[in-house]
Amino acid sequence: MTAIGPFLAGMALALLPTLAAADLRRVSTESDFVSLVAGRTLSTLGVKLEVAPDGAISGRAWGRDVTGAWRWQGRYFCRDLTFGEKPLAPNCQMVETDGETVLFTADEGRGDSARLRLR
């Protein structure tokens, strides 16, 4: 499994039930992504993260601090994270949403996926 970050690595065990692909819409622009996550918390079992419009990522995952940065590149959310003391490999991810959850799929949509609730 590709190291894709604390809110993506190991999420297969904590994923919410997968929705049918027809229920999801692709988030293709930075402005749509910011509108979706600004002022909200992304969460799932053991994970609470904030993805700020200014490019910062912060929160906690499984009892450890998560810090990092993100940028929008083409049609992908690209992030650099540190989980506790461990820096994780950068990764660009496809983003989809049903309005209540966000599905991040690593490796530009070809890798592992994690679904986080919007709160």
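Fair warning: this is a prediction, and the values are worked out from it, not measured in the lab.

Within the chain, the secondary structure is distributed over two helices and ten strands. Listing the helices and strands of the chain from first to last along the sequence gives β-α-β-β-β-β-β-β-β-β-α-β. Across the 119 residues that make up the chain, the buried fraction comes to 39%. Contacts in the chain between residues at least 24 apart in sequence constitute 44% of all its contacts with a sequence separation of at least 6.

Another aspect to go through is unusual backbone geometry. We note that W62 has phi near 50°; this positive angle belongs to a residue other than glycine. The residue W62 is located in the loop between strand 4 (56-61) and strand 5 (64-73) in this model. You will see that D107, though not glycine, has its phi angle at about 55°, which is positive. Within the secondary structure, D107 is located in helix 2 (residues 106-109).

As a further point, take the side chain of T105. Inspection of the secondary structure puts T105 in strand 9 (residues 101-105). There is a polar contact of 2.7 Å between the side chain of T105 and the side chain of S113. In this view, T105 contacts C92, Q93, M94, E96, R110, G111, D112 and S113; residues no more than four positions away in its chain are not counted.

Working note: regular strand, side chains alternate between the two faces of the sheet. In terms of strand pairing, strand 2 (residues 42-44) meets strand 10 (residues 113-118) through two bridges, oriented antiparallel. Among the inter-strand pairings, S43 is bridged to a residue of strand 10, identified as R117.

This brings us to the nonpolar core. Core analysis: the largest hydrophobic core is formed by 22 residues, its most contacted members being F33, L42, V51, F77, V95 and F104. Not counting residues up to four positions away in its chain, the partners in contact with V95 are R25, R26, V27, F33, W72, F77, V102, L103 and F104.

Now for helix 1 (residues 30-37). For helix 1, every residue scored as buried is listed here: F33, L36 and V37. When helix 1 is viewed along its axis, its buried side chains cluster within an angular range of 80° and face the same direction. Positive phi shows up at G39, right after helix 1, with a value of about 75°.

Our next topic: the pattern of salt bridges. Tallied over the entire structure, the rule returns three salt bridges. As a salt-bridge pair, R110 and E108 come within 3.8 Å of each other at their nearest N and O atoms. By relative accessible area, R110 is classed as exposed at 65%.

We now examine the packing of aromatic side chains. Tallied over the full model, the rule gives seven aromatic pairs. Note on W62 and F83: the rings are 6.2 Å apart at their centroids and 90° apart in plane angle, and the pair reads as edge-to-face. In this pair, W62 is assigned in the loop between strand 4 and strand 5 and F83 in strand 6 (residues 76-83), connecting sequence segments 21 residues apart. Judged by centre distance (5.2 Å) and plane angle (55°), the rings of F77 and F104 are tilted. Taken together, the positions of F77 in strand 6 and F104 in strand 9 put the pair 27 residues apart, joining distant regions of the chain. Across the pair, F104 and F77 agree in class, each one buried. The rings of F33, W70, W72, F77 and F104 are connected pair by pair, giving a single aromatic cluster.

Reading the values: the criteria
- Residues numbered from 1 in each chain as written.
- Predicted model: local features only at pLDDT ≥ 70, side-chain atom pairs only at ≥ 80, totals over all residues.
- Heavy atoms only, no water.
- Helix = DSSP H or I, 4+ residues; strand = E, 2+ residues; numbered from the N terminus.
- Buried < 20%, exposed > 50% of the residue type's maximum accessible area, 1.4 Å probe, protein only.
- Contact = heavy atoms within 4.5 Å.
- Polar contact = N/O pair within 3.5 Å; in protein donor to acceptor, adjacent residues only side chain to side chain.
- Pairing = 2+ DSSP bridges.
- Core = buried A, V, L, I, M, F, W, Y, C linked by side-chain atoms within 4.5 Å.
- Arc of directions from axis to C-beta.
- Salt bridge = Lys/Arg side-chain N within 4 Å of Asp/Glu carboxyl O.
- Phe/Tyr/Trp six-rings, centres within 6.5 Å; stacked < 30°, edge-to-face > 60°.

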